[in-house]
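Secondary and tertiary structure notes
Listed below, chain by chain, are the residues.
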Amino acid sequence: MDKKTPLHALPASPRDFGFFVDGHWIEPGSRATVVRLSPAHDVPVTCITRCTKDDLDHAVTVAREAFADRRWSGLAGADRAAVLLKAAAGIRGRLDELSLLETLETGKPISQSRGEVEGAAAIYEYAAGAARALHGDTFNNLGDRVLGLVTREPIGVVGLITPWNFPFFILAERVPFILAAGCTIVAKPSEVTSATTLVMAEILANAGLPDGVFNVVTGSGSDIGQAMTEHAGIDMVSFTGSTEVGRRALLASAGNFKKLGLELGGKNPQIVFADADLDDAADGVVFGTCFNAGQCCVGGSRLVVERSIAADFEKLLAEKFSRIRVGDPLDPETQVGAIITSAQNDSILGHIAGGLKGGARLVCGGEAMNGKVGRFIQPTLFADVGRDMAIAREEIFGPVLTILPFDTFEEAVEIANDTIYGLAASIWTKNLDKALQAMRLVQAGRVWINTTISGGPELPIGGFKQSGSGRETGIYGVEEYTEVKSVHITLGKRDHWVS
Ligand code: NDP
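Residues numbered from 1 in each chain as written. Predicted model: local features only at pLDDT ≥ 70, side-chain atom pairs only at ≥ 80, totals over all residues. Heavy atoms only, no water.

Looking at the secondary structure, you find Glu480 in the loop between helix H16 (474-479) and strand E23 (482-490). Glu480 gets classed as buried once you look at its relative accessible area, which sits at 18%. Other than its neighbours up to four places away in sequence, Glu480 contacts Met236, Lys259, Gly470 and Arg471. (Helix = DSSP H or I, 4+ residues; strand = E, 2+ residues; numbered from the N terminus. Buried < 20%, exposed > 50% of the residue type's maximum accessible area, 1.4 Å probe, protein only. Contact = heavy atoms within 4.5 Å.)

So, in structure tokens, the structure goes:
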């Protein structure tokens, strides 16, 4: 494809979506619908159904039946793997359609959407292997008359709640692992970005997934999402979103003690030591701040930098910030697209205003770039930031970086860990000892050394502290969706209790 040719024009009218239960589309009928406007163009792009609580009950019943009759969990791992591999091929076959929908609903650059959709297909391929690799354990050391087994069983019906920032990719970091474990699913995507999750249901059905194993209901989080976390027919909820709503999900799930996987927010440090390759580090820090317009849970939004190089590094960052291409996400050259909703836009600008009011020094950016249409915010850099200021502590979820200098290694680690979150951290140094010592001491579920926001499905993801609990992806990610059963087998005749 010629990179300079825009991939697609804007749609003339929004694409209508029903919802997907028991292997079939269900039309909205008399249900309310919501039209999604492209955040970058203000044109209607999709029309999404507001499912009712009865729709959710129906989807849960269908998923329960599909689990109970073992139409999926009873298959060999190899058969489940075959479906996941076909699903990966199905994703690749619809790459253009999925990428465009993702860009139109999220405002992210089309080149990024294409990368995420291709990456998602690769995750299904990885998880196909995991479906075959999942296994339990044996204890053959309990004496000649005893054999101990530990088996893994799928946990049951999983309610899957996903956010708007990486709708298709985050779905791929969950769905194939849940399916590899043998569970059935009722998914609820964010209401503003439901389209690609719905298309995925069709792709899975076409790949041979039995009816009722993957179902999608759409609607708002406070309505359908909340009902899902409370639902007694759901055995586990995988929730990805803010720490605040995660806490609500924890309380709501107590009714039937459902298991909860929580992937929540972050305020992730990027520690830059003076002996780092500063050009590499600056590029990584800028990428970690601005990727996905900063609407990224693992974005490195706190720069913890050695004081001796802080001034020079600040100049390097400002120069790189000024060269980022922000604009129309349908332009293949664009690096940073639009902000998802006007509420999110206001929240980011509010944080910037708060930083200015609190006395932080604005190095560059700081303003909205609103033209005739769409919402865009300049990549923004703050120095002279107090550690207690909101811009240094709260998750802004926009392209905003705060600089916090340090003098000693111990201080660097202390500042990095001075947060309620523990999702991710990046460490930049050429000194191996320092890198590994810092890696050991930072409290984060993911650590990058001399890189940031990278990885593949082999490595598990998840958070320390208030960034969540449980792990997704990798073999750990499949195991999360299983129950462990201990089996004690006596060989030969039993020693009788009653003499
Ligand atoms: P929210 O917590 O607002 O929403 C996340 C999901 O939960 C959406 O599907 C939303 O639906 C739904 N939801 C909203 N209210 C409820 C409720 N009461 N009960 C159940 N579900 C509900 O987060 P955002 O969508 O704003 O996403 C941004 C947040 O997600 C950031 O904090 C970010 O750090 C975090 N995140 C974490 C990731 C991780 O892996 N740790 C990855 C990506 C994001 P709807 O949108 O329809 O209202």
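In the vicinity of the ligand there are 30 residues, among which Thr162, Ser190, Ser242, Leu264 and Glu395 approach most closely. Within the side chain of Ser242, one N or O atom sits 2.6 Å away from an oxygen atom of the ligand. Contacts to the ligand include Glu395, whose side-chain N or O atom sits 2.5 Å from an oxygen atom. Relative to its unbound accessible surface of 890 Å², the ligand loses 88% to contact with the protein. A majority-of-atoms criterion places the ligand in the largest pocket. Looking at the shell around the ligand, the elements that each hand over two or more residues are helix H8 (221-230), strand E11 (236-240) and helix H9 (243-252). Sort the elements by how many residues they give to the shell around the ligand and H8 lands first, with four residues. Of the residues contributing to the shell around the ligand, the split by class is 11 nonpolar, 13 polar and six charged. (Near = heavy atom within 4 Å. Polar contact = N/O pair within 3.5 Å; in protein donor to acceptor, adjacent residues only side chain to side chain. Areas by Shrake-Rupley, 256 points an atom, 1.4 Å probe, with all protein chains shown as cover. 1 Å grid on protein atoms, 1.4 Å probe; cavity = no way out; pocket = protein on both sides within 12 Å on 5 of 7 lines; lining within 4 Å. Sits in = over half its atoms within 2 Å of the grid points. Nonpolar A, V, L, I, M, F, W, Y, C, P; charged D, E, K, R; others polar.)

The next point concerns the layout of surface pockets. The computed volume of the largest pocket comes to approximately 1,100 Å³. Along the wall of the largest pocket there are 39 residues; nearest its centre are Trp164, Phe239, Gly241, Ser242 and Val245. Broken down by secondary-structure element, the contributors of at least two residues to the lining of the largest pocket are H8, E11, H9 and helix H12 (342-357). Approximately 530 Å³ is the volume attributed to the second largest pocket. If you trace the second largest pocket, you find 29 residues lining it, with Phe169, Glu173, Val298, Arg446 and Ile453 closest to the centre. Elements that contribute at least two residues to the lining of the second largest pocket include exactly helix H4 (110-133), helix H5 (167-172) and strand E20 (446-449). For the lining of the second largest pocket, the element with the highest residue contribution is H4, accounting for four residues. (Points joined across faces, edges and corners; volume = space filled by probe spheres on them.)

On to the packing of aromatic side chains, then. This model, assessed by the stated rule, comprises eight aromatic pairs. Between Phe273 and Phe409 the ring centres are 5.9 Å apart and the planes differ by 15°, which places this aromatic pair in the stacked class. Taken as a pair, Phe273 in the loop between strand E13 (269-272) and helix H10 (278-290) and Phe409 in helix H14 (residues 409-417) lie far apart in primary sequence, 136 residues in all. Relative to Phe291, the ring of Phe287 lies with its centre 5.0 Å away and its plane at 40°, an arrangement referred to as tilted. Under the relative-accessibility criterion, Phe287 is labelled partly exposed at 36%. Among the aromatic residues, those joined into a cluster by ring pairs are Phe17, Phe20 and Trp25. Here Arg80 stacks its cationic end above the ring of Trp72, 6.0 Å away from the centre of that ring. (Phe/Tyr/Trp six-rings, centres within 6.5 Å; stacked < 30°, edge-to-face > 60°. Lys NZ or Arg CZ within 6 Å of the ring centre and 35° of its normal.)

What follows concerns the pairing of strand E8 (residues 157-161). Taken across its five residues, E8 has five buried, putting it largely inside the fold. Relative to strand E9 (residues 184-188), E8 is paired through five bridges, and the arrangement is parallel. Its bridge partner lying in E9, Leu160 is registered against Ala187. Pairing of E8 with E11 involves four bridges; the strand directions are parallel. Residue pairing for E11: Leu160 is matched across the bridge by Ser238. (Pairing = 2+ DSSP bridges.)

The next subject is the packing of helix H3 (residues 95-106) against H4. Viewed as axis vectors pointing N to C, H3 and H4 meet at an angle of 125°, and their least axial separation amounts to 8 Å. Of the possible angle classes, the one that applies to H3 and H4 is oblique. The handedness of the crossing between H3 and H4 comes out as right-handed. Counted together, Leu95, Asp96, Leu98, Ser99, Leu100, Glu102 and Thr103 of H3 and Ile110, Ser113, Arg114, Val117 and Glu118 of H4 form the full contact between these two elements. Residues belonging to the contact of H3 with H4 are distributed by class as follows: five nonpolar, three polar and four charged. (Axes fitted to C-alpha atoms, helices over the stretch in contact; angles between N-to-C directions. Parallel < 35°, antiparallel > 145°, perpendicular 65-115°, else oblique. Left-handed = near helix turned anticlockwise from the far one by under 90°.)

This part is about the pattern of salt bridges. The full count for this structure, using the stated rule, is 28 salt bridges. Across the pair Asp235 and Arg64 runs a salt bridge whose closest N-O atoms are separated by 3.1 Å. Here Arg64 lies in helix H1 (residues 53-68) and Asp235 lies in the loop between H8 and E11, a separation of 171 residues in the sequence. Judged by relative accessible area, which is 23%, Asp235 ranks as partly exposed. Look at Arg64 and you get partly exposed, because its relative accessible area is 31%. For the salt bridge of Asp384 with Arg361, the shortest nitrogen-to-oxygen distance reads 2.8 Å. Within this pair, whereas Asp384 is found in the loop between strand E16 (380-383) and helix H13 (390-393), its partner Arg361 is found in strand E15 (residues 361-364), the two being separated by 23 residues in sequence. Classification of Asp384 as exposed rests on a relative accessible area of 53%. Arg361 sits in the partly exposed class, given a relative accessible area of 36%. (Salt bridge = Lys/Arg side-chain N within 4 Å of Asp/Glu carboxyl O.)

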